[in-house]
Amino acid sequence: MKLNDPFGRLERRHQVGYETVRDSLNRNNIDTVEGARTIIKDTKKRALKFVVAAIAAGLLTYLLLPKALLVVGGVIVLAVAWVIAWTINGERYINRYIEEELSGGNKDTDAAGT
């Protein structure tokens, strides 16, 4: 039993997330390390663009509606935190995909006995 995840909920959630990303990559024929690394790079670019747009929205809110800044700022902080967490997990899942599926360490075929 792990102290930070005693019931294995996070591990199961990450496994489901990885399987979703893996299936999506397989459906889209991403079968090279370079292709997977390109997806990581593009995802980071999109996340950075979102963070910059969110900061710009916060500044615009401050200029136009300073009284609403607290509410809008809270929403922006939550959205930015969500995008950062999603980007980090996505990169983790794609790196795992590279290790397990593209580098020959396929655990599914080993478990199936083929």
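Participant: Go over helix H3 (residues 69-102) with me, naming the residues and quoting the values.
Facilitator: Here H3 is 34 residues long and its end C-alpha atoms lie 47 Å apart, about the 50 Å a rise of 1.5 Å per residue gives. Three or more residues of H3 are buried, namely Ile76, Val80, Val83, Thr87, Gly90, Tyr93, Ile94, Tyr97, Ile98 and Glu100. Where H3 terminates, the next one or two residues include Gly104, which has phi positive at roughly 90°.

Participant: Explain a positive patch on the surface residue by residue, including any values.
Facilitator: Taken together, Lys41, Lys45, Arg46 and Lys49 make up a surface patch of like positive charges. Assignment of secondary structure puts Lys41 in helix H2 (residues 33-64). When its relative accessible area of 47% is taken as the criterion, Lys41 is described as partly exposed.

Participant: I'd like a description of the packing of H2 against H3, backed by residues and values.
Facilitator: Contact geometry of H2 with H3 gives a least axis separation of 10 Å together with a crossing angle of 175°. With respect to H3, the axis of H2 lies roughly antiparallel. Tallied by class, the residues present in the contact of H2 with H3 amount to 20 nonpolar, five polar and three charged.

Participant: An account of the pattern of salt bridges is needed here, citing residue identities and associated values.
Facilitator: Overall, the coordinates contain three salt bridges when judged by the stated rule. When the shortest N-O distance is used, the salt bridge between Arg22 and Asp23 registers 3.5 Å. Here Asp23 falls in the partly exposed class, since its relative accessible area comes to 34%. Arg96 serves as the salt-bridge partner of Glu100, at 2.9 Å between the closest nitrogen and oxygen. Of this pair, Glu100 and Arg96 both sit in helix H3, four residues apart, which is roughly one turn of the helix. On the accessibility criterion, Glu100 (10% relative accessible area) is buried.

Participant: Describe unusual backbone geometry, with residues and values.
Facilitator: Positive phi, close to 55°, is recorded for Asn29, a residue that is not glycine. Position of Asn29 among the secondary structure elements: in the loop between helix H1 (9-27) and H2. Assessed through its relative accessible area of 60%, Asn29 is described here as exposed.

Participant: Describe the side chain of Thr43, and please don't skip the residues or the numbers.
Facilitator: With respect to the secondary-structure elements, Thr43 resides in helix H2. Under the relative-accessibility criterion, Thr43 is labelled buried at 11%. Discounting chain neighbours no more than four positions away, the residues touching Thr43 are Trp86 and Thr87.

Parameters at a glance
- Residues numbered from 1 in each chain as written.
- Predicted model: local features only at pLDDT ≥ 70, side-chain atom pairs only at ≥ 80, totals over all residues.
- Heavy atoms only, no water.
- Helix = DSSP H or I, 4+ residues; strand = E, 2+ residues; numbered from the N terminus.
- Expected span 1.5 Å × (residues − 1).
- Buried < 20%, exposed > 50% of the residue type's maximum accessible area, 1.4 Å probe, protein only.
- Patch = residues over 30% accessible without salt bridge, like charges linked within 9 Å, V, L, I, M, F, W, Y side chains within 5 Å.
- Areas by Shrake-Rupley, 256 points an atom, 1.4 Å probe, with all protein chains shown as cover.
- Salt bridge = Lys/Arg side-chain N within 4 Å of Asp/Glu carboxyl O.
- Lys, Arg positive; Asp, Glu negative; His and termini not counted.
- Charge placed at Lys NZ, Arg CZ, Asp CG, Glu CD.
- Axes fitted to C-alpha atoms, helices over the stretch in contact; angles between N-to-C directions.
- Parallel < 35°, antiparallel > 145°, perpendicular 65-115°, else oblique.
- Nonpolar A, V, L, I, M, F, W, Y, C, P; charged D, E, K, R; others polar.
- Contact = heavy atoms within 4.5 Å.

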